[in-house]
Amino acid sequence: MASLVRTSSPPPRQRLFNSTGHHGLRISDISGSAIGAGFLAVLVSYAGPLLIYLSAADAMGVSTAAFSSWVFAISVAAGVSSIGLSLWFRVPVAMAWSAPGTVLLIALGTSLSAAEMAGAYIAVAMILIIIGLSGIFERLVTFLPPSVTNGMMAGILFGFGLKAAGGLATDPVAISILIVVFAVSAVVLPRYAMLILLASALAVSAVFYDASIGVVSLSMASPQVTVPSFSPGAMLSLALPLLITTLSGQYLPGMAILRANGFTLSANPIVIVGGAVSIAAALFGGITTALASITAAFCAGPDSHEIADRRYVAGVACGVFFCLGGVFAGSIVDLLILLPSSLIALLAGLALLQPILKFTGAMLASEDAQAGLLTFMFTASGVSLFGIGAAFWGVVVGISVHFLTRIAKRFVAR
């Protein structure tokens, strides 16, 4: 892959903020493969991570209109930031909402109001901007014990993934069909498995539940402004875990994907822009925007374009399609809510299968697996103390055990 990157003077993507060079879209750089990669990244995001968000909204009792506003906010925020960053640095920077963060909402249920959630989102966004401006992203991520962050992520996702099996008791035939479809498509067409699964789920809904898919028409979003409220409970239950999951579960793997494909852009401007658009999105109920980790490979990889310097077009296309999705968020929501809740839970759980495997494997493979496992147990337990959610207590226990273990080892070594 290194051979695809220019070895002459550093291109704009290798500098923090470069005021020179061409930052616009060159017509000659546009290709069908790049546009297709951007479209596929958005389609997979709506077919997978958005279903997790829908499950969160369902658990919180959010109305269809409010969820439509959420989808509008996260889509436009992801779209605008993807377009801006990709054009400025000529790098395929695909932004999206914090998919692991949405799982936190399910565990919180109705314990927080919409205003408190918006306040937590804004707090996280402001901290992200500070982190980006200070340039401490790499050091901060290094400070957090990987075993603890992986354990927390695995615990959050696993606790939610368990809900995926709940529909087997009420809808055994439909659930069985979809599991078979997923198992086969994950092997035959792994990159499109979630798209195939979503299409199959809609077909099953039409056959078994008489879902009127044909009546879905173009419907524009109706954004609803949310006045934020800042409460200590929301800061500890939602903001702190969301900050950790966004840094470790979105930005860290997202940067790894970019660098693995030869792009050496600093994380700092991406974190700053992500925080800035997150503040705007929060006012309409949208969760934090961050570097895409699940779909980034579609835009950054060689399938986007054989020439690395032209792959930024995929990031731009991704942003454009996200903006279109935001404008027509009403149609997207109308389509998704046709699915029965049991099928939504299953699809969302299957969408998290690979992330669960990744974080669990990393946790167990670390040198401090015990701290990670305790973090996992307390986080997955769903325990709440003083009105503060399990993710916070999982991190507290994990970090405490991590440092106590290090102290004990040094004492024994003496």
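Further up the page is the structure itself.
Rules and cut-offs
- Residues numbered from 1 in each chain as written.
- Predicted model: local features only at pLDDT ≥ 70, side-chain atom pairs only at ≥ 80, totals over all residues.
- Heavy atoms only, no water.
- Helix = DSSP H or I, 4+ residues; strand = E, 2+ residues; numbered from the N terminus.
- Buried < 20%, exposed > 50% of the residue type's maximum accessible area, 1.4 Å probe, protein only.
- Contact = heavy atoms within 4.5 Å.
- Areas by Shrake-Rupley, 256 points an atom, 1.4 Å probe, with all protein chains shown as cover.
- Core = buried A, V, L, I, M, F, W, Y, C linked by side-chain atoms within 4.5 Å.
- Axes fitted to C-alpha atoms, helices over the stretch in contact; angles between N-to-C directions.
- Parallel < 35°, antiparallel > 145°, perpendicular 65-115°, else oblique.
- Left-handed = near helix turned anticlockwise from the far one by under 90°.
- Nonpolar A, V, L, I, M, F, W, Y, C, P; charged D, E, K, R; others polar.
- Phe/Tyr/Trp six-rings, centres within 6.5 Å; stacked < 30°, edge-to-face > 60°.

Looking only at helices and strands, the protein features 18 helices and two strands. Counting all 414 residues of the protein, 55% fall into the buried class. In the protein, 85% of the contacts between residues at least 6 apart in sequence involve partners at least 24 apart. Of the roughly 17000 Å² of accessible surface on the protein, 70% is carried by carbon and sulfur atoms.

Time to look at the nonpolar core. Burial of nonpolar side chains together is a common tendency in soluble globular proteins. Counting residues in hydrophobic clusters, the biggest one holds 114 residues, and the most contacted among them are Leu50, Phe67, Leu105, Leu238, Tyr251 and Ile270. Broken down by element, the residue count for this core peaks at 11 residues, all from helix α10 (residues 232-260). Setting aside residues no more than four positions away along its own chain, tyrosine 251 makes contact with Met95, Leu128, Phe137, Thr246, Ile270, Val271, Gly274, Gly275, Thr289, Ala290 and Leu291.

This next bit is on the packing of helix α1 (residues 32-47) against helix α13 (residues 312-327). A pair of packed helices is captured by two measures, namely the crossing angle of their axes and the spacing between those axes. Packing of α1 against α13 leaves a shortest axis separation of 7 Å and a crossing angle of 45°. Of the possible angle classes, the one that applies to α1 and α13 is oblique. The two elements α1 and α13 cross, and the hand of that crossing is right-handed. On α13, the residues that touch Ala34, Ile35, Ala37, Gly38, Phe39, Ala41, Val42, Ser45 and Tyr46 of α1 are Val313, Ala314, Ala317, Cys318, Phe321, Phe322, Gly325 and Gly326. For the contact of α1 with α13, a count of residues per class yields 13 nonpolar, four polar and no charged.

What follows concerns the side chain of threonine 288. Following the sequence through the fold, threonine 288 ends up in the loop between α11 (267-282) and β2 (289-291). Judged by relative accessible area, threonine 288 falls into the buried class, the value being 1%. The residues touching threonine 288, leaving out its near neighbours within four places in the chain, are Ala96, Trp97, Ser98, Tyr121, Val124, Leu128, Leu242, Thr246 and Ser278.

For glycine 135, the location among the structural elements is in the loop between α5 (114-134) and α6 (137-143). Given the relative accessible area of 29%, glycine 135 is considered partly exposed.

Let us now look at unusual backbone geometry. In this structure, arginine 90 is a non-glycine residue whose phi angle is positive, near 55°. By the element assignment, arginine 90 lies in the loop between α3 (64-89) and β1 (95-97). When its relative accessible area of 8% is taken as the criterion, arginine 90 is described as buried.

Quick look at the side chain of threonine 246 now. Within the secondary structure layout, threonine 246 lies in helix α10. Judged by its relative accessible area of 0%, threonine 246 falls in the buried class. With residues near it in sequence (within four places) discarded, threonine 246 still touches Ser98, Leu128, Tyr251, Thr288 and Ala290.

Scanning the model with the defined rule gives nine aromatic pairs in all. Ring geometry for phenylalanine 137 versus tyrosine 251: centroids 6.3 Å apart, planes at 75°, classification edge-to-face. Taken together, the positions of phenylalanine 137 in helix α6 and tyrosine 251 in helix α10 put the pair 114 residues apart, joining distant regions of the chain. The class of tyrosine 251 is buried, set by a relative accessible area of 0%. Among the aromatic residues, those joined into a cluster by ring pairs are Tyr46, Trp97 and Phe322.

Another aspect to go through is the environment of alanine 96. Here alanine 96 shows up in strand β1. Using a relative accessible area of 7% as the deciding quantity, one classes alanine 96 as buried. Sequence separation between alanine 96 and serine 82 is 14 residues; the distance between their C-alpha atoms is 8.3 Å. Beyond its immediate sequence surroundings of up to four residues, alanine 96 is in contact with Ala78, Thr288, Thr289, Ala290, Ala292 and Phe322.

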